[in-house]
Amino acid sequence: MDIRKIVFDGLLTEVEKPGRYIGGEWNSTKKTFEDTACQIAFCFPDVYEVGMSHLGLQILYGLVNETTPYLMERSFMPWPDMYKKMQERGIPLYSLESFKSLSDFPIVGFTLQYEMSYTNILAMLGLANVPLTSNERMNGAHPLVIAGGPCSVNPEPISSFIDLFLIGDGEQALPEILKITTNYLVKGKIENRKELLLKLSELNGVYIPAFYKEEYDSEGKYLGTFNIHDRNIKVKKTFVADLDNAYFPTKLVIPFVDAIHDRMMLEVLRGCTHGCRFCQAGNYYRPVREKSVSKLLETADKLVVGSGYDDISLTSLSTADYTGVKELVSKLLAKYEKGKISISLPSLRVDTFSVELAKEIQKVRKTGFTFAPEAGTQRMRDIINKGVSEEDLMASVEGAFQAGWQRLKLYFMIGLPEETDEDVIGIIELGKKVLDLGRKISGGKNIIVTVSVASFVPKPFTAFQWFGQNTKDELIRKQYLLKEAVREIGKGLKLSYHYSALSVLEGMFARGDRRLGNVLQSLYNKGAMFDSWDDWFKLEMWNEALEENAISKEAYSEHFFAETEPMYWDHIDIGVKKLYLWNEYQKSKSLEITRDCRLGCTACGVCNDEIRMDIKGEYHG
Amino acid sequence: MASYVMEFSVRGPLAYLSHLELMKVFRQSFRRSTLPISFSEGFNPHMKLSFAIAKGVGLESEGELLEIETDQEIDVGDFLEKINKVIPDGLKVKTLKEKTISTKSLSSMLRKAKYLLVYGDGVNRDEYRVIIADKLDKSEILMEVKTKKSIGIKDIKEYILDWNFTDTGVIIEVYAGSDKNLRIDNLLKYLELDLKTIRLKLIGDDAPIIDKMSKEE
């Protein structure tokens, strides 16, 4: 089938934003199947604009295409209008470079960024006529379906559909996987799949679900998931030890259709030292590894020349923590101001240092400013170990208002451990204080404070992994408390919150087990897709799928694990030790703070002879 | 400061870009080229670029026009080399002319457009010629056309200025621009044949706009 011809012969005039489906972007690879030994399709289980905003995609795409003899192409989840038409006309999901079906690739790789994208993974495999489950693919020349990214730390809910998970920094192991797979290709198709999997299982960071089996006692109580060859083998996360000298893409693929983050991304560091007890990324990406200012300036130069973008975003989990941030920002500004290239910081801490930094950068456009105090009361912020006091917040806010910002956004969570109604209302009280301060400073100008409240979802490999999520009714009750409190304040304070049903399902997957695979299969059969999009999420469909498989979402989301109870992700080792996390959980109950580990090791267990914190300069607190 | 008009072609998949996406491609390509394109003043400076007319999504073209302003005079050969090195495949800048008629915008000069309707693969060309001639020769061609608010009926015959057969299809000249404009997809809907459209030229009162950029000419 000539997919290219069918797509360009009329189909594209019938769908929204056809630019999503045409490929040919600047810097997209010119390598072909014919001149490469092994090929992988990087699949982002969301729409093009979201996937093309993902730095991980650009890193792996550049790494494979520029530095290895292999080929990486891209594929995204087609928007429902396109999906339906492709399904009706029998057009398989194709890659944007060679317009080949995913089923023609030896390897198909998905990134797991958020749990609610799992239904899109099945929808993408299905559209490409790739058998959905690992079992079905065991016989016959099917692609090896692999996955990585933050959600892979608890791979079990989606493990029936994935042949291999890559836990940790992808740039480390992916070229190895391609190299090994090449030896098992006959005419571009995998032969001797079982042997290939065995060989791949020797790599660090590789988890192959087929080699692990979950065990239950006679009463059906979960005992653990064990390697079938050697019970005690755990899967260890891979790391890039020297981030400064690691590959970083400077020839970004530039999307035609506006991406959500459509700018140069300059990763200044990986990891975070703050130790917030709710945060999975903070644990997953440990330890902190910084890049040097000189390397970053060199990279920025190449990015500017090669991309045509006019904005450089300094990305990381917490860019203000970067020890070279001041030097970097002032040098970038000096260098690029004339070329009308702006600098932006996507994530800021709640402190005056960050506000000063933002002031320096945003000399002109003062649109919005975002802070994340996460909780409304000091007690609650101590519980989650968010080292931010009300004084910090008010000083930062004061700085922002004085510098002329008029719109502030504050991020919070509800449903955290030990939360009382006072803590919930405290969110709005804090919002009110910020609003009052803004009005005072600006002299009654149109100040708008938006309070954005997410519902907390306990995640694996955090101090709160043992904690049972609030019930949906409890979350709704707390949202109503917020709503009532905001109503009393009136204009100027805006409130937004999440759809609770979605939070509960996210909670189910986050701390779920292999049995949830059946739910995903049922959802696929019903045509579920784009479930992280409120407009496409269909609650009835989910309830039916759960019922058909006799699964209670609450049994997962609301479950409190006991201290000694095995967890569904215990066979994965991300470096941070379980005992450390448990101690953090206990400390949270007594409002005990744990310091930022740059100020002294907190013995989380991640650093060792091979990998350690790598800071390039003096830490400014 | 100098003004120029460039003529460029759009072929293949990139025909599916929207007007705004095409604009973005040129903005980014000019940045990559390091050519001295002028920016507007103000808090939010943007490149000074303006198209003669928006190109419909899916339409290929051999003759789109873009006006640019530069900080200093540029060499045509140098310009073409630099820009064509950094624009994605499917776009090609064909010519660049200095624009010395500064008072008129490209869109205000636009009167007509020339299209080539290419026969689809495997169609019977003789048969097509007869059908097309018959359909275009009618004294009145009434069509339902969508306007912003409702559906109206329009006689598109008076918008068709000239047409001639070639080996591979038919070349047709129609009104284009802000006064009188025929959307070529409307004509295709009327013809109901397997034809692929390519815009060939954007034309002013008496000649292609690109040929009328300077006072001397």
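Residues numbered from 1 in each chain as written. Chains lettered and ligands numbered in written order. Predicted model: local features only at pLDDT ≥ 70, side-chain atom pairs only at ≥ 80, totals over all residues.

**Regarding the overall build of chain B**
At step 1: When helices and strands are tallied, chain B shows five helices and 10 strands.
At step 2: Radius of gyration (C-alpha) of chain B: 19 Å, near the 17 Å computed for a compact globule of 217 residues.
At step 3: Dimensions of chain B, computed from the C-alpha atoms along their principal axes, are close to 55 × 40 × 35 Å.
At step 4: Counting all 217 residues of chain B, 27% fall into the buried class.
At step 5: Counting contacts in chain B only where the partners sit at least 6 residues apart, residues at least 24 apart contribute 74% of the total. (Helix = DSSP H or I, 4+ residues; strand = E, 2+ residues; numbered from the N terminus. Rg over C-alpha atoms; globule rule 2.2 N^0.38 Å. Buried ≥ 20, exposed ≤ 12 C-beta atoms within 10 Å, placed from the backbone. Contact = placed C-beta atoms within 7 Å.)

**As for the sheet that holds strand β19 (residues 448-455) of chain A**
Residue and element names in this part refer to chain A.
At step 1: Strands sit in the order β17-β18-β19-β20 across an open sheet of four strands; the sheet is parallel. In the strand order of this sheet, the two ends are held by β17 (369-374) and β20 (493-497), each with one partner. Taking the axes of each pair of neighbouring strands and ignoring which way they run, one obtains an average angle of 20° across the sheet.
At step 2: As judged from the five bridges shared by β19 and β20, these two strands associate in the parallel manner. Within β20, the position partnered with Val-449 by the bridge is Leu-493.
At step 3: The strands touched by helix α16 (residues 472-489) within the sheet are β18 (407-414), β19 and β20, with β20 carrying the most contacts at an inclination of about 170°. (Pairing = 2+ DSSP bridges. Axes fitted to C-alpha atoms, helices over the stretch in contact; angles between N-to-C directions.)

**Details of the interface of chain A and chain B**
At step 1: At the interface, 20 residues of chain A touch 20 residues of chain B.
At step 2: For the side of chain A that touches chain B, a count of residues per class yields 10 nonpolar, six polar and four charged. (Nonpolar A, V, L, I, M, F, W, Y, C, P; charged D, E, K, R; others polar.)

**Let's talk about the domain arrangement of chain B**
Residue and element names in this part refer to chain B.
At step 1: Split by domain assignment, chain B resolves into domain 1 (2-99) and domain 2 (111-203).
At step 2: The C-alpha centroid of domain 2 is placed 27 Å from the C-alpha centroid of domain 1.
At step 3: Tallying the contact residues gives nine residues for domain 1 and 10 residues for domain 2.
At step 4: Of the residues contributing to the side of domain 1 that touches domain 2, the split by class is four nonpolar, three polar and two charged. (Domains from an automatic or database assignment.)

**So, the environment of A:Ser590**
At step 1: Looking at where A:Ser590 falls in the secondary structure, it is placed in the segment after α21 (578-589).
At step 2: On a C-alpha basis, the gap between A:Ser590 and A:Asp382 in space is 9.2 Å, while along the polypeptide they are 208 residues apart.

**A few points about the confidence of the model for chain B**
At step 1: Scored by pLDDT, chain B comes out at a mean of 91, with 98% of its residues at no less than 70.
At step 2: The ipTM assigned to the predicted complex is 0.91, against a pTM of 0.94. (pLDDT = per-residue confidence, 0-100.)

**Quick word on the pairing of strand β3 (residues 60-70) of chain B**
Residue and element names in this part refer to chain B.
At step 1: Here eight bridges tie strand β1 (residues 2-10) to β3, and the two strands are oriented antiparallel to one another. In the sheet register, Val-5 faces β3, and the bridge partner there is Glu-67.
At step 2: As paired strands, strand β2 (residues 49-51) and β3 are joined by three bridges and run antiparallel to one another. Opposite Ser-50, over in β3, you have Glu-67 as the bridge partner.
At step 3: Inspection of the sheet shows β3 paired to strand β10 (residues 195-203) by two bridges, in the parallel sense. Pairing of Ser-61 across the sheet is with Arg-199, part of β10.

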